[in-house]
Amino acid sequence: PRMVFQIGSLCVLQIGRPQPELPFHDTHQIFPLGFVSLRRFHNLAKPHSHCLYVCEIREHNGMPNFVISHQYDPLLTFHGTTAAKALTQLLARRAKSMHLRLPQMSERQMALEGALFFGFGIAAVAQLIEQLPGAKSCKGFRPRYSQPEALQKVPPLPKNPSGCARCEPFVKRTSVFKAKHAVYHRPFINR
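Calculation notes
- Residues numbered from 1 in each chain as written.
- Predicted model: local features only at pLDDT ≥ 70, side-chain atom pairs only at ≥ 80, totals over all residues.
- Heavy atoms only, no water.
- Buried < 20%, exposed > 50% of the residue type's maximum accessible area, 1.4 Å probe, protein only.
- Helix = DSSP H or I, 4+ residues; strand = E, 2+ residues; numbered from the N terminus.
- Pairing = 2+ DSSP bridges.

> What's the story with the pairing of strand E5 (residues 63–70) in this structure? I'm lost.
In regular strands, side chains alternate between the two faces of the sheet. Burial runs high along E5: seven of the eight residues are buried. Bridging between strand E4 (residues 50–60) and E5 involves eight bridges; their strand directions are antiparallel. Counterpart to Tyr53 in the pairing with E5 is His70. Hairpin connection, E4 to E5: the antiparallel pair is bridged by two residues, and Asn61 has positive phi, about 55°. Here E5 runs beside strand E6 (residues 77–80); their pairing, made up of four bridges, is antiparallel. Paired with Val67 across the two strands is His79, which belongs to E6. Where E5 folds back on E6, the antiparallel hairpin that results is connected by six residues.

Spelled out as structure tokens, the structure:
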């Protein structure tokens, strides 16, 4: 499906489609083939200015290929087998051109930064990706935003013999009661 929406400096142009039979997912994220977004970031061609970068997820030999390309300069294109590797190449090139040190981050932090840079790590976009056809059939993937219907039951209302909340004493609920009667909160849908 093709759509356009903007979240901060990210504009998602195409949401893509999940590939359950190919390794386009891990336990917490789906990398939909054909995902295209625009990200406003530091310009490598002109220092001290910003420009748009096109972030795409393509297929190369049955594996995901993450591509970050400058909007106007085709020579400034960065490829990686993960979003973190493509972003690391971009950040290294910027650090070299600006005579800066590359920020030191762990692999996990860099993976999160890569997912956020591309956009599929943002909660609203991840929720839309989880609702695409074929997302639930990805092996090993555990959805974060769309739980099975059995887990989305509304807790029963407390019984009030008098019918008036003001005349009843305040009852402090234990954490066990709260955990047992918790409603799964889905951000961006329940609002």
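> Before we go on, may I ask you to explain unusual backbone geometry in this structure?
Across residues other than glycine, the phi torsion is negative in most instances, and most of the peptide bonds are trans. Not every positive phi belongs to a glycine, and His48 is a case in point at roughly 65°. By the element assignment, His48 lies in the loop between strand E3 (36–42) and E4. Phi is positive for Asn61, which is not a glycine, with a value near 55°. Topologically, Asn61 is positioned in the loop between E4 and E5.

That's the geometry; what it means functionally is another story.
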